[in-house]
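# Structural features, examined
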Amino acid sequence: MNANDMPSAEVSVSVELVRRLLADQHPDLAELDIEVLANGWDNLVCRLGRDHLVRLPRRAASAGLVVHEQRWLPGLAQRLPLPVPAPVRIGRPGHGYPWAWSVLPFLPGEIAARTPPADPGAAGRVLGGFLAALHLPAPGDAPANPSRGIPLAGRTARVLAQLPQVADPVERATALRVWQSVTAVPAWDGPPVWLHGDLHPANILVDHGAVAAVIDFGDITAGDPATDLAVAWMLLPAPGRAVFRRAYGRADDNTWARARGWALALALVFLAHSADNPLMAGIGRRTLNAALDQDLRPPAFDNFRSRLRTEREVPGDEHR
């Protein structure tokens, strides 16, 4: 797939800037060690001493997302079964830096994109339970998001624009068939529920082999829960997805189909914007494989598996 670079920073963000901002606004933290951990699509993230992180937007499009976290995440964190990085200090513009920024708690672990959970079934249970707790009806003033939580069909233009970049013609045709199928199911007709909005393996922490925290709530919004349920294809093999669905407990067949559609849509986004980010490219490739797997398998393979399973279950001729 032909890919573009990730979005460029619109302001200069650096360790030196972080230290100047801290010195002015949180001087008790200014002498702590500062180390860059990630310079992602939206934010610069630095380790601050042993117990904290500093998160600064690097693009105007992500500046408002930090404000959403600052407003909503402390309240939501109180009812979630996994740790989340609710801000502990709030930063203001300064030294030429134009946006709000946050000091967050440091949560131990490695991102699941680099260190997958040791037990996919256990990970499915934990993540399913986490989303069941998060996905409660949201208030009317919950943050709006133009591309997450919306009806799946609203992603069609972007999906169709990105599909021609999938080089393999069989894979491309399969992806189109899957997309047409998942967008044909009924849209979400329940109340808008709280959503993480960007739940993928780089926003899940794994510690000692187990899912330990969910991070980066910048895209927090409300809408169709299928948006978040796409993580089942982004992180888990098929058996783990089944455990995840049972643990979540509220995904009917239409919601599950839309979740697969969201996984396909997000896989294309990751592949299209990760020429200089192998980590995100890997997430996109694995997600695309998972979203298309059942439709790419030759029918003869599934027929063989079904026949073999039936023969094992039917008693009788031991020489069959």
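Scroll up for the structure.
Everything in this summary refers to the structure shown in the same document. Since this is a predicted model, take the numbers as computed values, not measurements.

Following the criterion strictly, the structure yields 4 aromatic pairs and no others. Ring plane angle 55° and centroid distance 5.1 Å describe the contact between Trp72 and Trp194, whose orientation is recorded as tilted. Taken together, the residues span a long stretch of sequence, with Trp72 in helix α2 (residues 60-77) and Trp194 in strand β7 (residues 193-195) at a distance of 122 residues. Here Trp72 and Trp194 have matching classes, each one buried. Seen in terms of ring centroids, Phe244 and Trp256 are 6.2 Å apart; in terms of plane orientation they differ by 35°. Their pairing is tilted. Taken together, the positions of Phe244 in helix α8 (residues 238-248) and Trp256 in helix α9 (residues 253-272) put the pair 12 residues apart, joining distant regions of the chain. Looking at Phe244, the relative accessible area reads 0%, which means it is buried.

This part covers the packing of helix α5 (residues 169-182) against α9. Where α5 contacts α9, the two axes come as close as 9 Å, and the packing angle between them is 140°. Classed by the angle they form, the pair α5 and α9 counts as oblique. The handedness of the crossing between α5 and α9 is left-handed. Every residue of α9 that contacts α5 at Ala175, Val178, Trp179 and Val182 is listed here: Ala257, Arg258, Arg260, Gly261, Leu264 and Ala265. When the residues that make up the contact of α5 with α9 are grouped by side-chain class, the tally is 7 nonpolar, 1 polar and 2 charged.

Right, let's get into the pairing of strand β2 (residues 43-48). β2 sits mainly inside the fold: 5 of its 6 residues count as buried. Note that strand β1 (residues 34-39) and β2 share 5 bridges and pair antiparallel. Considered in β2, the bridge of Asn39 is made with Leu44. The loop that links β1 with its antiparallel partner β2 comprises 3 residues. The pairing of β2 with strand β3 (residues 52-57) spans 6 bridges and is classified as antiparallel. Looking at the pairing, Val45 lines up with Arg55 of β3. Hairpin geometry of β2 and β3 is characterised by an intervening segment of 3 residues between the two adjacent antiparallel strands and by a positive phi of about 65° at Gly49.

Where empty space is left becomes clear once a probe the size of a water molecule has been rolled over the atoms. Using the criterion set out here, one finds 1 cavity of 30 Å³ or more in the structure. As a volume, the largest cavity reaches approximately 70 Å³. Lining of the largest cavity is provided by Arg148, Gly197, Asp198, Leu199, His200, Thr227, Asp228, Ala230, Val231, Met234, Leu266 and Phe270. Where the lining of the largest cavity is concerned, the elements lending two or more residues are α6 (226-229), α7 (231-235) and α9. The residue inventory of the lining of the largest cavity, partitioned by class, reads 6 nonpolar, 3 polar and 3 charged.

Calculation criteria
- Residues numbered from 1 in each chain as written.
- Predicted model: local features only at pLDDT ≥ 70, side-chain atom pairs only at ≥ 80, totals over all residues.
- Heavy atoms only, no water.
- Phe/Tyr/Trp six-rings, centres within 6.5 Å; stacked < 30°, edge-to-face > 60°.
- Helix = DSSP H or I, 4+ residues; strand = E, 2+ residues; numbered from the N terminus.
- Buried < 20%, exposed > 50% of the residue type's maximum accessible area, 1.4 Å probe, protein only.
- Axes fitted to C-alpha atoms, helices over the stretch in contact; angles between N-to-C directions.
- Parallel < 35°, antiparallel > 145°, perpendicular 65-115°, else oblique.
- Left-handed = near helix turned anticlockwise from the far one by under 90°.
- Contact = heavy atoms within 4.5 Å.
- Nonpolar A, V, L, I, M, F, W, Y, C, P; charged D, E, K, R; others polar.
- Pairing = 2+ DSSP bridges.
- 1 Å grid on protein atoms, 1.4 Å probe; cavity = no way out; pocket = protein on both sides within 12 Å on 5 of 7 lines; lining within 4 Å.
- Points joined across faces, edges and corners; volume = space filled by probe spheres on them.

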